[in-house]
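# Report on the structure
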Amino acid sequence: MLRQLTRVYGSAARRLGQLQTRRSASHGNGEGPLTVSGGAPKDKAIIGNREIVGHGCNGLAIYNDDENYPFPAIRYKEPDPDIAALREKERGDWRDLSIEEKKCLYRASFCQTFAEFAYAPDTHWKSTVGSVLIGLACSLWLFMYYLDHIVNPLPDSFRPEARIAQYNRMVDLNIAPFQKIPVPPGAEPRVHPKNAEMLKKLLNQVP
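Reading the values: the criteria
- Residues numbered from 1 in each chain as written.
- Predicted model: local features only at pLDDT ≥ 70, side-chain atom pairs only at ≥ 80, totals over all residues.
- Heavy atoms only, no water.
- UniProt positions renumbered as here; feature names shortened; annotations may be inferred.
- Helix = DSSP H or I, 4+ residues; strand = E, 2+ residues; numbered from the N terminus.
- Buried < 20%, exposed > 50% of the residue type's maximum accessible area, 1.4 Å probe, protein only.
- Contact = heavy atoms within 4.5 Å.
- Salt bridge = Lys/Arg side-chain N within 4 Å of Asp/Glu carboxyl O.

Labelled according to an unreviewed UniProt entry, the protein chain appears under the name Cytochrome c oxidase subunit 4, originating from Trichogramma brassicae. The UniProt entry for the protein chain carries this comment under Sequence similarities (unreviewed entry): "Belongs to the cytochrome c oxidase IV family." Database annotation for the protein chain, UniProt heading Subcellular location (unreviewed entry): "Mitochondrion inner membrane".

## So, the overall build of the protein chain
For the protein chain, the count of helices and strands is eight helices and zero strands. Its helices and strands taken in sequence order, the protein chain reads α-α-α-α-α-α-α-α from the N to the C terminus. The 207 residues of the protein chain split such that 19% are buried. Restricting the contact set of the protein chain to residue pairs at least 6 apart, pairs at least 24 apart contribute 34%.

## Re the pattern of salt bridges
The full count for this structure, using the stated rule, is nine salt bridges. Its salt-bridge partner being R95, residue D93 comes within 3.0 Å of it at the nearest N-O pair. Overall, the relative accessible area of 35% leaves D93 in the partly exposed class. For R95, a relative accessible area of 68% gives the class exposed.

## Considerations on the environment of V183
Topologically, V183 is positioned in the loop between α7 (160-172) and α8 (193-205). You can call V183 partly exposed: its relative accessible area is 33%. Along the sequence, V183 and R163 sit 20 residues apart, while their C-alpha atoms lie 9.0 Å from each other. When neighbours within four sequence positions are excluded, V183 is seen to be in contact with Y167 and P189.

Right, here's the structure in full:
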């Protein structure tokens, strides 16, 4: 199985190299489509010495792991002496390469394997939960600022003592004699004497 994958990967790499060589010859001035020999100066300033090896998803010299475009436009790592030596060894028989050397060549071109980025557990819920918590925290601080700096303090009539006094005054003035006045907490229910007498007469007339 490994030998078959090695042959397929080697064949694809050779075809890609031939294609890029032809594109480099037709666009060797660094303008237009991406080339192996270079690219636009602004791209080189961003990607450094990374080799441009393909078109990618949109023709720009960027690296991105995407299952729809599995071959990025540039390699993941910049070349170094160790990778350069492996690339020279890669030109020969692939059976001379060890498993670790093949893995090193792969990691030099790609950040993750297809299984790592395509079938990895979805972690987008973390950003969603974090955004919700940040929104709740901002709302709480805004509500506290609203209570402390914008809302006026409650008037004295909202104090329990003031509410009880207001209830007693309404009973003494016989306000709303045919309706029950709400009794505030801590107050003793009362009835105006006139209403109590009238209620007593009505109850006596009931058979």
